[in-house]
Amino acid sequence: MSVIEKLGLKALHCFDPETAHGLALKALQTPFAPLSGQITSDRLRISVAGLDLPNPIGLAAGFDKNAEVLAPLAKGGFGFCEVGAITPRAQSGNQKPRLFRLSKDKAVINRFGFNNDGMDAVLPRLAQRPKNMVLGLNLGANKDSVDRAADFATLIRECGPHLDFATVNVSSPNTEKLRDLQGKDALSALIQGVLDARGDSTLPVFLKIAPDLDAAGLEDIAEVALTSGIAAVISTNTTLSRDGLTSTHKGETGGMSGAPLFEKSTRALAQLSHLTEGQIPLIGVGGISSAEQALNKIEAGASAVQLYSALVYQGFSLGAKIARDLDKLLAAKGYANVSEAIGQNRTAWL
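By convention here, each chain's residues receive numbers from 1 onward along its written sequence. Selection of residues for local features in this predicted model requires a pLDDT of at least 70, selection of side-chain atom pairs for listing and counting requires 80 or more, and totals for whole chains, interfaces and linings are taken over all residues. Hydrogens are left out, water is left out, and the side-chain values use all remaining heavy atoms of the structure.

Let's shift gears to the environment of Lys-143. What counts as a helix is a DSSP run of H or I of at least four residues, what counts as a strand is a run of E of at least two, and both are numbered from the N terminus. Within the secondary structure, Lys-143 is located in the loop between strand 7 (135–139) and helix 5 (148–159). Classification of residues uses two cut-offs on accessible area relative to the type maximum, computed with a 1.4 Å probe and protein chains only: under 20% is buried, over 50% is exposed, and between them is partly exposed. According to the relative accessible area criterion, Lys-143 is partly exposed, its value standing at 49%.

Right, here's the structure in full:
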């Protein structure tokens, strides 16, 4: 991390978290932004769900909810980026404050509730996206929607032509009853509707799941994943658990992400990898802040990973740093390509 980025990060932490996040997005559009350009090598290149990634380190949804900084993101060193979540209609989300730093735990709690500018505002930004990036959109449903499945179908039909992949998000804990759509029958019907809404397109559709599913819930997800036609599963979203937290804001409601989620999310990932026998790509998310942890996820069964919360504490350049460090770590462990590492230590997490 450069001196400028260190000073900027320290300054951002003087503001409330949501204000700081808005300022961080603005900072990315200045000449001082820590943009490394593309990070890649023969060891890091990998094809996931038909997408050719320069490296397997992705930016998770939530950082750029409204696709406002796509040009800087394309130069940020990530192998792929996911923006959103977007809903068909704009909505303000839950009452502020709704974002909390848990600095002692290197964690974050949010209860945003899918606040976003809405599809009509975001669509022109997606249409003008840089072409030199792998871009996905996280799809959400409006809080007051009478047909949430139709919301997902609308989004993929309208936004799909400008994307490399789309993610069905039924795992946010901040929209009432949204996680009910993770049930096998409801989820199968939802995914079928989304796939049908693509028309003649073969756009890959991912599914993002919660880390709080029990064994039976994970078995249902695995069955749906293998039979529905989705291209990959993102494992996992934020958790409702508060185990082991010590920070002041540990009692706030919402989804918790960051360092304390690492073990829980990695175990869910490994279990899903075991249940699907490696037949569908998995994207590992939750608590990653180093190349070692990224490789832990990959060896537990992930084909690629995503991060977000660690950027709050280590800066935007962390994605590029992890990609570079992962290249060295793969070489040190004798892997000629990152694909060779997938699932190699899965049993340790079961």
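There's plenty left to go through after this.
Looking at the secondary structure, you find Ser-317 in the loop between helix 10 (309–314) and helix 11 (318–332). The class for Ser-317 is buried, based on a relative accessible area of 18%.

The subject of this paragraph is the nonpolar core. Each nonpolar core is a collection of buried residues, namely Ala, Val, Leu, Ile, Met, Phe, Trp, Tyr and Cys, held together in the definition by side-chain atoms within 4.5 Å. Ranked by size, the top nonpolar core spans 96 residues in total, and within it Ile-57, Leu-73, Leu-126 and Leu-207 carry the most contacts. Considering every element that reaches this core, the biggest residue donor is helix 11, with 7 residues. Residue contacts are defined here by distance: any two heavy atoms, one from each residue, within 4.5 Å place the two residues in contact. Not counting residues within four places of it along the chain, the set of residues in contact with Leu-73 comprises Leu-28, Leu-59, Phe-63, Asp-64, Cys-81, Val-83, Met-133 and Phe-316. Among the nonpolar cores identified, the runner-up in size contains 6 residues, and Phe-100, Ile-109, Leu-245 and Met-256 belong to it.

It is worth spelling out the sheet that holds strand 6 (residues 107–110) at this point. In a beta sheet, neighbouring strands are held together by backbone hydrogen bonds and run either parallel or antiparallel to one another. Spatially, the 3 strands line up as an open sheet ordered 5-6-11, and their pairing is antiparallel. Only two strands of the sheet have a single neighbouring strand rather than two, namely strand 5 (99–102) and strand 11 (255–258). When strand polarity is set aside, the average angle formed by the axes of neighbouring strands in this sheet is 20°. Pairing between strand 6 and strand 11: 4 bridges, direction antiparallel. Bridge pairing in strand 11 links Asn-110 to Gly-255. Any two strands with at least two DSSP-identified bridges between them are counted as paired. Axes here refer to lines fitted to C-alpha atoms; in helices the fit is confined to the stretch in contact. Angles between the N-to-C directions go from 0 to 180 degrees.

Moving on, we get to the packing of helix 4 (residues 119–127) against helix 5. Helix 5 packs onto helix 4 with a crossing angle of 30° between their chain directions and a minimal axis gap of 11 Å. It follows that helix 4 is roughly parallel to helix 5 by the angle criterion. The handedness of the crossing between helix 4 and helix 5 is right-handed. Contacts between helix 4 and helix 5 pair Met-119, Leu-123 and Leu-126 from the former with Thr-154, Leu-155, Glu-158 and Cys-159 from the latter. Residue polarity is assigned by list, with Asp, Glu, Lys and Arg as charged and Ala, Val, Leu, Ile, Met, Phe, Trp, Tyr, Cys and Pro as nonpolar; anything else, Gly included, falls into the polar class. Taken together, the residues that form the contact of helix 4 with helix 5 break down as 5 nonpolar, 1 polar and 1 charged. The scheme is simple: roughly parallel for angles under 35 degrees, roughly antiparallel for over 145, roughly perpendicular for 65 to 115, oblique for anything else. The sense of a crossing depends on the near helix, which, turned anticlockwise from the far helix by less than a right angle, makes the crossing left-handed and, turned clockwise, makes it right-handed.

Another point: the packing of aromatic side chains. Whether two aromatic rings pair depends on their centres lying within 6.5 Å, for rings of Phe, Tyr and Trp, where Trp uses its six-membered ring; planes under 30 degrees apart make the pair stacked, over 60 edge-to-face, and the rest tilted. If you walk through the whole model with that rule in mind, you get 6 aromatic pairs. Arranged with centres 5.9 Å apart and planes meeting at 80°, the rings of Phe-262 and Trp-349 form a pair that is edge-to-face. Within this pair, whereas Phe-262 is found in helix 8 (residues 262–276), its partner Trp-349 is found in the segment after helix 11, the two being separated by 87 residues in sequence. Taken individually, Phe-262 and Trp-349 each receive the classification buried, so the pair is uniform in this respect. Remark: a charge is flagged as sitting over a ring if the NZ atom of Lys or the CZ atom of Arg is within 6 Å of the ring centre and within 35 degrees of the ring normal. Here Lys-106 stacks its cationic end above the ring of Tyr-313, 5.6 Å away from the centre of that ring.

Turning our attention to the pattern of salt bridges. Salt-bridge detection follows one rule: a side-chain nitrogen of Lys or Arg within 4 Å of a carboxyl oxygen of Asp or Glu. Under the definition given, this model contains 12 salt bridges. Arg-111 is the salt-bridge partner of Glu-252, the closest N and O atoms lying 2.9 Å from each other. Taken together, the residues span a long stretch of sequence, with Glu-252 in the loop between strand 10 (232–235) and strand 11 and Arg-111 in the loop between strand 6 and helix 4 at a distance of 141 residues. Of the residues examined, Glu-252 reaches a relative accessible area of 24% and is grouped as partly exposed.

The subject of this paragraph is the side chain of Thr-236. You can see Thr-236 is positioned in the loop between strand 10 and strand 11. Apart from the residues lying within four places of it in its own chain, the contact partners of Thr-236 are Lys-208, Ile-209, Ala-210, Pro-211, Leu-261, Ser-265, Ala-268 and Val-285.

So, about helix 5. Residues separated by three or four positions in an α-helix point in the same direction, a consequence of the helix having 3.6 residues per turn. Between the first and last C-alpha of helix 5 there are 17 Å, a value that for 12 residues agrees with the 16 Å anticipated at 1.5 Å per step. Every buried residue of helix 5 is listed here: Arg-148, Asp-151, Phe-152, Ala-153, Leu-155, Ile-156 and Cys-159. Against strand 4 (80–86), helix 4, strand 7, strand 8 (165–169), helix 6 (184–197) and strand 9 (205–209) lie the buried residues of helix 5. Given a helix with a known number of residues, its expected span is that number minus one, times 1.5 Å.

Next up on the list: the sheet that holds strand 8. Taken in spatial order, the 8 strands line up as 3-4-7-8-9-10-12-13 and close into a barrel, and their pairing is parallel. Going across the sheet, the axis of each strand differs from the next one's by a mean of 25°, ignoring polarity. Where strand 10 lies against strand 12 (residues 282–285), 3 bridges are found, and the strand directions are parallel. Bridge pairing links Ser-235 to Gly-284 in strand 12. Packed onto the sheet, helix 6 meets strand 8 and strand 9 and runs at close to 150° relative to strand 9.

What follows covers the environment of Ala-20. Looking at where Ala-20 falls in the secondary structure, it is placed in helix 2 (residues 17–27). Using a relative accessible area of 7% as the deciding quantity, one classes Ala-20 as buried. For the pair Ala-20 and Leu-9, spaced 11 residues apart in the sequence, the C-alpha separation amounts to 9.2 Å. If sequence neighbours within four positions are ignored, Ala-20 has contacts with Leu-12, Phe-15 and Arg-101.

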